[in-house]
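If you want the building blocks of each chain, they are given just below.
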Amino acid sequence: MAPLTELLLIVAARHEHVEKVIRPALAQGRWVLSSRYTLSSLAYQGWGRGLDLDLIRRLNALATGGLEPDYVFLLDLPPAVAYARTRERDRFEGEGLEFFTRVRVGYLELIRAVPRAYVVDGTLPPERVLGEIVAHLPLSGI
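This one's a predicted model, so the numbers in the text were calculated from it and none came from an experiment. (Residues numbered from 1 in each chain as written. Predicted model: local features only at pLDDT ≥ 70, side-chain atom pairs only at ≥ 80, totals over all residues. Heavy atoms only, no water.)

A. The packing of helix α1 (residues 3–27) against helix α3 (residues 53–64), seen in detail. Direction vectors running N to C along α1 and α3 enclose 25°, while the axes themselves pass 8 Å from each other. As summarised for this structure, α1 and α3 are arranged roughly parallel, according to the angle between their axes. Viewed along their axes, α1 and α3 form a crossing whose handedness is right-handed. Counting all contacts with α1, which are made through Leu 4, Leu 7, Leu 8, Val 11, Arg 14, His 15, Val 18 and Arg 23, the residues of α3 involved are Leu 55, Ile 56, Leu 59, Asn 60, Leu 62, Ala 63 and Thr 64. (Axes fitted to C-alpha atoms, helices over the stretch in contact; angles between N-to-C directions. Helix = DSSP H or I, 4+ residues; strand = E, 2+ residues; numbered from the N terminus. Parallel < 35°, antiparallel > 145°, perpendicular 65-115°, else oblique. Left-handed = near helix turned anticlockwise from the far one by under 90°. Contact = heavy atoms within 4.5 Å.)

And the structure:
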């Protein structure tokens, strides 16, 4: 699949998800947890595939209506670990270690400009990862 085609499909799916799932849940006062959002497009299609970051930002803004998360958690992994984990379940399986290295560099660069963004060591045991995340959330009253 061509990189631009991939981006347009992802952005279209994101728009549908925002309109049909995220906005209704937020309107009901519910929390929304998402495994990937706009930073993923910037990291994977921008840094990984080499597409223009400004184009990706404009398309993401159009798709989301400017809706941004309150908190962002990047589960950081060495590229070899990320590659090994995705090899069995992800459409990026054939991309190789260089691709995942570019994506990681992109994520780490992009995350610096995001308010309330935290980098968590993704090699920690799951309960420790959860603890790191929960420590940054305002959970009083829940």
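From this point, the narrative continues.
B. Examining the side chain of Ser 41 more closely. Tracing the chain through its elements places Ser 41 in helix α2 (residues 38–48). Filtering out sequence-adjacent residues up to four positions away, Ser 41 remains in contact with Leu 7, Ile 10, Arg 14, Gly 46, Ile 56 and Asn 60.

C. Structural view of the environment of Ile 111. Tracing the backbone shows Ile 111 in the loop between α5 (96–110) and β2 (117–121). Once the C-alpha coordinates of Ile 111 and Gly 131 are considered, the two residues, 20 residues apart in sequence, prove to be 20 Å apart. Contacts of Ile 111, omitting those with residues within four sequence positions, involve Leu 39, Val 72, Leu 74, Ala 117 and Val 119.

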